[in-house]
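Results of the structural survey
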Amino acid sequence: MNRDYHEAIQFLDPEISKQIRLGNELLKKIPFPEKEQGEEEIICGLSKKDFELYGSKLNFNIPNENLKYMEKLLIEEQNYLGLMELLENQYPYNKLVPYILYSYCRDICGLPIKKSENDRIRRDLKAIKKACNHLTKKQLKKETRKIKVEF
């Protein structure tokens, strides 16, 4: 399962066995070295941490437009992942399935999901399902061996 998957896979819920799902959850808890300060992601002129704190507070209405301020900035930058982070906490959008919200944000930003990308997503889901089935069917062969340890 060591493969470069499409970014939309994280918003879908592929059929993964319980053991692999538990392993992935525990893997997130392992502390890894943090990014250097120079590599910090900038969204609409704010660092990612500041965007998470102040993004929803800066999302005020713009007169004579249907969009709000932060939404307009993210759409101009074509930052659909930032737009998704902003919208997933707002009322009508928090009821949507994450993949549908992802697709909606890409459409708004002018980067709709193409047929080739849909095909790749389907292939990736199929590969994940096939790998999980292979892992669940695979049983370890236990062999008896005589081992002698000398100190």
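The following refers to the structure shown.

Thresholds applied
- Residues numbered from 1 in each chain as written.
- Predicted model: local features only at pLDDT ≥ 70, side-chain atom pairs only at ≥ 80, totals over all residues.
- Heavy atoms only, no water.
- Helix = DSSP H or I, 4+ residues; strand = E, 2+ residues; numbered from the N terminus.
- Buried < 20%, exposed > 50% of the residue type's maximum accessible area, 1.4 Å probe, protein only.
- Contact = heavy atoms within 4.5 Å.
- Axes fitted to C-alpha atoms, helices over the stretch in contact; angles between N-to-C directions.
- Parallel < 35°, antiparallel > 145°, perpendicular 65-115°, else oblique.
- Left-handed = near helix turned anticlockwise from the far one by under 90°.
- Nonpolar A, V, L, I, M, F, W, Y, C, P; charged D, E, K, R; others polar.
- Phe/Tyr/Trp six-rings, centres within 6.5 Å; stacked < 30°, edge-to-face > 60°.
- Lys NZ or Arg CZ within 6 Å of the ring centre and 35° of its normal.

Focus: the overall build of the chain
Looking only at helices and strands, the chain has 7 helices and 2 strands in total. Written out in order from the N terminus, the α and β elements of the chain read α-β-β-α-α-α-α-α-α. A burial count over the chain gives 26% of its 151 residues as buried. Within the chain, residue pairs in contact and separated by at least 24 positions form 55% of the contacts whose partners lie at least 6 positions apart.

Here's the deal with the packing of helix α4 (residues 80-87) against helix α6 (residues 98-108)
With their axes 9 Å apart at the nearest point, α4 and α6 run at an angle of 125° to one another. In this view, α4 runs oblique relative to α6, as classed from their interaxial angle. Judged by the sense of rotation from one axis to the other, the crossing of α4 with α6 is right-handed. Between α4 and α6, the residues in contact are Tyr80, Leu81, Leu83, Met84 and Leu87 and Pro98, Leu101, Tyr102, Tyr104, Cys105, Arg106 and Ile108, respectively. Across the contact of α4 with α6, the residue classes break down as 11 nonpolar, no polar and 1 charged.

Focus on the packing of aromatic side chains
Within this structure, the stated rule accounts for 4 aromatic pairs. Members of the aromatic cluster, connected to one another through ring pairs, are Phe11, Tyr80, Tyr99 and Tyr102. When the ring centre of Tyr80 is taken as reference, the NZ or CZ atom of Arg106 above it lies at 5.1 Å.

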